[in-house]
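# Notes for the structure review
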Amino acid sequence: MTPVDYEFLRKLLKERSGLDLSPDKQYLVESRLVPLARRIGLSGITELVQKMKAGSADPLTAEVVEAMTTNETFFFRDKIPFDHLREAMLPALLQARASRRSLRIWCAASSTGQEPYSIAMCLKELGATLAGWRIEIIATDLSQGVLEKSKAGLFSQFEVQRGLPIQFLVKHFTQVGELWQLNADIRAMVQHRQLNLLQDFGHLGMFDVIFCRNVLIYFDQDTKAGIFERLAKVIDADGFMVLGAAESVVGISDAFKPYPEKRGLYRPNGTRTAKPGVAAAMAQPVKAVALASR
């Protein structure tokens, strides 16, 4: 791969996906795009770039972007965010939303579905506590391929062994040959939509909780700041945002503020007026929700 080819790919990936590749990441591009080039009958990256520059190559460009996207995920990844869900988010929101009895949760960059399905299983464990509530979990990702896998809810033995409590495997999965499939009731709790975080996402509506974990680390500071500002516009004033362990809003945006003593958990920074009754609920201490089988 020539320096010119690499610069072309760096610019394209930044524009299409937000991926900000440093000059020393040429090896990463080669490791992911050489197999793609050979699979479609090209000699290598130079010929791949030439084909893309020739025009009328949008499907090919989409394949290149998808090949460069990192889709590492597993059930109950890092555990702490799901503790926060049980101990802070759900108690506060169940109290604040008692009159309307609905919750909307967005998993941005949801990959193959382990995160939204982990959330779905947590909510399922609440049983009668959520009886009569309208629950929406929206899972979005740039890659249509990983969304299709997520919709199917089929996971290998290796995938279900990564972070999934054995009692959840027994309760919420059915073995299908060498794979494990999530039961239909859990799959039905998650809606899937293709979405690029660089583009407008106001059409998704407002959310009570946004999980945006382990994706912003690939963006530069200006791109992160823009995404935070737009996230703040689609989260309720008393909602919650969850970032990855290596991510923070500090020094990037003042649209969110850290939640006290809960690493990775944030709330909108008071830029909108809280709904009647919500401010009082936010100010009161809350008790942790007891989730069975944890």
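Residues numbered from 1 in each chain as written. Predicted model: local features only at pLDDT ≥ 70, side-chain atom pairs only at ≥ 80, totals over all residues. Heavy atoms only, no water.

### Structural notes on the confidence of the model for the protein
Of the residues in the protein, 91% reach a pLDDT of 70 or more, and the chain-wide mean stands at 87. Under a pLDDT of 50 for its full length, residues 271–294 has, in the predicted model, 49 contacts with residues more than four places off or in other chains. (pLDDT = per-residue confidence, 0-100. Contact = heavy atoms within 4.5 Å.)

### Here we look at the sheet that holds strand β10 (residues 265–268)
What links the strands of a sheet is backbone hydrogen bonding, and the strands pair in either a parallel or an antiparallel sense. Strand order in the open sheet made by the 7 strands is β6-β2-β1-β7-β8-β10-β9, with mixed pairing throughout. The open sheet has two edge strands, β6 (190–194) and β9 (256–258), and neither has a second partner. Taken over all neighbouring pairs, the strand axes of this sheet differ in orientation by 25 degrees on average, direction set aside. Alignment of strand β1 (residues 102–107) against strand β2 (residues 134–141), held across 6 bridges, turns out to be parallel. Within β2, the position partnered with C107 by the bridge is A139. The sheet contacts of helix α5 (residues 80–96) involve β1, β7 (207–212), β8 (235–243) and β10, and relative to β8 the element is tilted by about 175 degrees. (Pairing = 2+ DSSP bridges. Helix = DSSP H or I, 4+ residues; strand = E, 2+ residues; numbered from the N terminus. Axes fitted to C-alpha atoms, helices over the stretch in contact; angles between N-to-C directions.)

### Considering the environment of F207
In this fold, F207 is placed in strand β7. Residues F207 and A232, 25 residues apart in the sequence, show an inter-C-alpha distance of 9.9 Å. F207 has contacts with R104, I105, W106, I138, V234, I235 and D236, leaving out every residue within four places of it along the chain.

### Section: the nonpolar core
In terms of nonpolar packing, the biggest core is built from 40 residues, with F75, I119, M121, L123, L164 and F173 touching the most fellow members. Elements with a contribution of two residues or more to this core: α5, β1, α6 (114–124), β2, α9 (166–172), β5 (179–182), β7 and β8. The element best represented in this core is α5, accounting for 8 residues. Ignoring any residue separated from it by four or fewer positions in sequence, one finds L123 in contact with L90, I105, L130, I135, I137 and M189. (Core = buried A, V, L, I, M, F, W, Y, C linked by side-chain atoms within 4.5 Å. Buried < 20%, exposed > 50% of the residue type's maximum accessible area, 1.4 Å probe, protein only.)

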